[in-house]
Amino acid sequence: MAETDRVELLSSVPLFSALSKRQLKGVAATALERTFQPGETIVKQGDKGIGFYLLLSGNAEVLRAGQKVGSLSTGQFFGEMALVDEQPRTADVKATSAVRCLVLNRWEFWGAVGQDPEIIRALFVETVRRLRAAQTAPGGLTE
Ligand code: CMP
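Nothing here was measured: the structure is a model prediction, and the numbers come from that model.

Q: I keep staring at the overall build of the chain and nothing clicks. Help me out?
A: Along the backbone of the chain there are five helices and eight strands. Listed by position from the N terminus, the elements making up the chain come as α-α-β-β-β-β-β-β-α-β-β-α-α. Here the C-alpha radius of gyration of the chain, 15 Å, is about what a compact globule of 143 residues would show, namely 15 Å. Principal-axis analysis of the C-alpha atoms gives the chain an extent of 45 × 30 × 25 Å. Long-range pairs, those at least 24 residues apart, make up 69% of the contacts in the chain between residues at least 6 apart in sequence. Surface exposure of the chain reaches about 8,000 Å², of which carbon and sulfur atoms provide 54%. Taken together, the 17 basic and 16 acidic charged side chains of the chain have centroids lying 1 Å from each other.

Q: Whenever I open this one, the site of the ligand confuses me. Can you help?
A: Near the ligand lie 14 residues; those nearest to it are Arg64, Gly79, Glu80, Arg89 and Thr90. Take Glu80: an N or O atom from its side chain is 2.6 Å from an oxygen atom of the ligand. Arg130 places a polar side-chain atom, nitrogen or oxygen, 3.5 Å from an oxygen atom of the ligand. Summarising the interface, the protein chains cover 95% of the accessible area of the ligand, which totals 460 Å² for the free molecule. Listed by contribution, the elements that provide at least two residues to the shell around the ligand are strand 4 (59–64) and helix 3 (80–85). Broken down by class, the residue content of the shell around the ligand amounts to eight nonpolar, two polar and four charged.

Conventions used here
- Residues numbered from 1 in each chain as written.
- Predicted model: local features only at pLDDT ≥ 70, side-chain atom pairs only at ≥ 80, totals over all residues.
- Heavy atoms only, no water.
- Helix = DSSP H or I, 4+ residues; strand = E, 2+ residues; numbered from the N terminus.
- Rg over C-alpha atoms; globule rule 2.2 N^0.38 Å.
- Contact = heavy atoms within 4.5 Å.
- Areas by Shrake-Rupley, 256 points an atom, 1.4 Å probe, with all protein chains shown as cover.
- Lys, Arg positive; Asp, Glu negative; His and termini not counted.
- Charge placed at Lys NZ, Arg CZ, Asp CG, Glu CD.
- Near = heavy atom within 4 Å.
- Polar contact = N/O pair within 3.5 Å; in protein donor to acceptor, adjacent residues only side chain to side chain.
- Nonpolar A, V, L, I, M, F, W, Y, C, P; charged D, E, K, R; others polar.

Following this line, the structure appears as C-alpha coordinates:
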(Lines give C-alpha, C1' and ligand atoms only; values in the text may rest on other atoms or scores of the structure.)
Protein backbone atom coordinates (compact mmCIF):
# COMPACT_ATOMS: atom_id res chain seq x y z
CA MET A 1 0.00 0.00 0.00
CA ALA A 2 1.24 3.49 -0.80
CA GLU A 3 2.63 5.46 2.13
CA THR A 4 0.00 8.20 1.76
CA ASP A 5 -2.75 5.56 2.06
CA ARG A 6 -1.09 4.11 5.14
CA VAL A 7 -0.91 7.56 6.74
CA GLU A 8 -4.58 8.06 5.91
CA LEU A 9 -5.48 4.71 7.54
CA LEU A 10 -3.29 5.36 10.56
CA SER A 11 -4.91 8.73 11.16
CA SER A 12 -8.24 6.89 11.49
CA VAL A 13 -6.89 4.61 14.25
CA PRO A 14 -8.14 6.12 17.54
CA LEU A 15 -4.89 5.31 19.35
CA PHE A 16 -2.92 7.50 16.97
CA SER A 17 -5.50 10.21 16.45
CA ALA A 18 -3.42 12.85 18.26
CA LEU A 19 -0.30 12.32 16.15
CA SER A 20 0.55 14.93 13.53
CA LYS A 21 0.79 14.02 9.84
CA ARG A 22 4.58 14.13 10.14
CA GLN A 23 4.56 11.75 13.13
CA LEU A 24 2.12 9.41 11.37
CA LYS A 25 4.43 9.39 8.37
CA GLY A 26 7.25 8.28 10.67
CA VAL A 27 5.16 5.40 12.02
CA ALA A 28 3.91 4.42 8.54
CA ALA A 29 7.44 4.39 7.15
CA THR A 30 8.87 1.97 9.70
CA ALA A 31 5.94 -0.35 10.45
CA LEU A 32 5.44 -3.58 8.55
CA GLU A 33 2.20 -4.35 6.77
CA ARG A 34 0.88 -7.89 6.99
CA THR A 35 -2.22 -9.66 5.75
CA PHE A 36 -3.91 -12.78 7.08
CA GLN A 37 -6.52 -15.18 5.72
CA PRO A 38 -9.76 -15.93 7.56
CA GLY A 39 -9.02 -18.61 10.18
CA GLU A 40 -5.31 -17.80 10.36
CA THR A 41 -3.71 -17.40 13.79
CA ILE A 42 -1.98 -14.02 13.98
CA VAL A 43 -0.41 -14.35 17.43
CA LYS A 44 -0.24 -17.47 19.52
CA GLN A 45 -0.72 -17.81 23.27
CA GLY A 46 2.55 -18.65 25.01
CA ASP A 47 4.76 -17.36 22.20
CA LYS A 48 7.35 -14.67 22.73
CA GLY A 49 6.24 -11.53 20.98
CA ILE A 50 7.65 -8.19 20.13
CA GLY A 51 4.97 -7.08 17.68
CA PHE A 52 2.25 -4.53 18.39
CA TYR A 53 -0.61 -4.95 15.90
CA LEU A 54 -2.99 -2.36 14.57
CA LEU A 55 -6.00 -3.84 12.83
CA LEU A 56 -6.25 -1.72 9.67
CA SER A 57 -9.12 -3.79 8.31
CA GLY A 58 -11.00 -6.95 9.18
CA ASN A 59 -12.02 -8.78 12.33
CA ALA A 60 -10.35 -11.16 14.75
CA GLU A 61 -11.22 -13.12 17.87
CA VAL A 62 -9.20 -13.51 21.04
CA LEU A 63 -8.97 -17.04 22.46
CA ARG A 64 -7.47 -18.08 25.77
CA ALA A 65 -6.91 -21.81 26.14
CA GLY A 66 -9.20 -22.21 23.13
CA GLN A 67 -12.08 -20.22 24.69
CA LYS A 68 -13.20 -16.97 23.11
CA VAL A 69 -12.58 -14.06 25.47
CA GLY A 70 -12.95 -11.12 23.14
CA SER A 71 -13.26 -9.83 19.62
CA LEU A 72 -11.40 -7.15 17.72
CA SER A 73 -12.40 -5.05 14.73
CA THR A 74 -10.95 -2.44 12.37
CA GLY A 75 -9.12 0.34 14.21
CA GLN A 76 -8.39 -1.72 17.32
CA PHE A 77 -5.02 -2.98 18.49
CA PHE A 78 -3.57 -6.10 20.08
CA GLY A 79 -0.24 -7.58 21.10
CA GLU A 80 0.55 -4.78 23.54
CA MET A 81 0.70 -7.06 26.61
CA ALA A 82 3.68 -9.23 25.64
CA LEU A 83 5.35 -6.16 24.22
CA VAL A 84 4.99 -4.13 27.40
CA ASP A 85 5.98 -6.70 30.05
CA GLU A 86 8.16 -8.93 27.83
CA GLN A 87 6.24 -12.04 28.91
CA PRO A 88 4.61 -14.66 26.64
CA ARG A 89 1.46 -13.85 24.65
CA THR A 90 -1.63 -14.13 26.88
CA ALA A 91 -3.97 -15.37 24.15
CA ASP A 92 -4.32 -16.44 20.53
CA VAL A 93 -5.59 -13.82 18.14
CA LYS A 94 -7.23 -15.42 15.14
CA ALA A 95 -8.50 -13.72 11.97
CA THR A 96 -12.24 -14.23 11.43
CA SER A 97 -12.16 -12.43 8.08
CA ALA A 98 -9.42 -11.26 5.73
CA VAL A 99 -7.25 -9.08 7.97
CA ARG A 100 -4.74 -6.36 7.25
CA CYS A 101 -2.46 -5.24 10.04
CA LEU A 102 0.32 -2.78 10.60
CA VAL A 103 2.93 -4.27 12.90
CA LEU A 104 5.27 -2.17 15.03
CA ASN A 105 8.18 -3.77 16.84
CA ARG A 106 8.95 -2.83 20.45
CA TRP A 107 11.30 0.01 19.49
CA GLU A 108 8.91 1.46 16.93
CA PHE A 109 6.08 1.24 19.44
CA TRP A 110 7.97 3.06 22.21
CA GLY A 111 9.19 5.53 19.61
CA ALA A 112 5.58 6.37 18.69
CA VAL A 113 4.70 6.70 22.39
CA GLY A 114 7.62 9.10 22.80
CA GLN A 115 6.09 11.27 20.08
CA ASP A 116 2.84 11.54 22.01
CA PRO A 117 2.18 10.32 25.56
CA GLU A 118 -1.57 10.47 24.77
CA ILE A 119 -1.04 7.06 23.15
CA ILE A 120 -0.34 5.56 26.58
CA ARG A 121 -3.49 7.09 27.98
CA ALA A 122 -5.61 5.65 25.13
CA LEU A 123 -3.89 2.29 25.54
CA PHE A 124 -4.53 2.30 29.27
CA VAL A 125 -8.20 3.20 28.87
CA GLU A 126 -8.66 0.26 26.48
CA THR A 127 -6.69 -2.10 28.75
CA VAL A 128 -8.95 -1.24 31.70
CA ARG A 129 -12.03 -1.73 29.50
CA ARG A 130 -10.78 -5.21 28.50
CA LEU A 131 -9.93 -6.09 32.10
CA ARG A 132 -13.39 -5.01 33.24
CA ALA A 133 -14.99 -7.08 30.47
CA ALA A 134 -12.87 -10.09 31.46
CA GLN A 135 -13.94 -9.72 35.10
CA THR A 136 -17.64 -9.64 34.32
CA ALA A 137 -17.70 -12.27 31.56
CA PRO A 138 -18.99 -15.74 32.41
CA GLY A 139 -15.95 -17.72 33.43
CA GLY A 140 -14.10 -14.45 33.98
CA LEU A 141 -12.21 -13.47 37.11
CA THR A 142 -15.19 -12.78 39.38
CA GLU A 143 -17.46 -15.67 38.41
P1 CMP B 1 -0.62 -10.24 23.98
O2 CMP B 1 -0.72 -10.97 25.27
O3 CMP B 1 0.67 -9.65 23.59
O4 CMP B 1 -1.13 -11.20 22.80
C5 CMP B 1 -2.49 -11.58 22.80
C6 CMP B 1 -3.32 -10.32 22.77
O7 CMP B 1 -4.71 -10.49 22.84
C8 CMP B 1 -3.02 -9.48 24.03
O9 CMP B 1 -1.70 -9.04 23.98
C10 CMP B 1 -4.10 -8.44 23.92
O11 CMP B 1 -3.77 -7.45 22.98
C12 CMP B 1 -5.26 -9.28 23.36
N13 CMP B 1 -6.19 -9.65 24.43
C14 CMP B 1 -5.95 -10.44 25.49
N15 CMP B 1 -7.06 -10.56 26.24
C16 CMP B 1 -8.03 -9.84 25.63
C17 CMP B 1 -9.40 -9.59 25.90
N18 CMP B 1 -10.02 -10.11 26.97
N19 CMP B 1 -10.09 -8.78 25.05
C20 CMP B 1 -9.48 -8.25 23.96
N21 CMP B 1 -8.18 -8.47 23.66
C22 CMP B 1 -7.47 -9.25 24.47
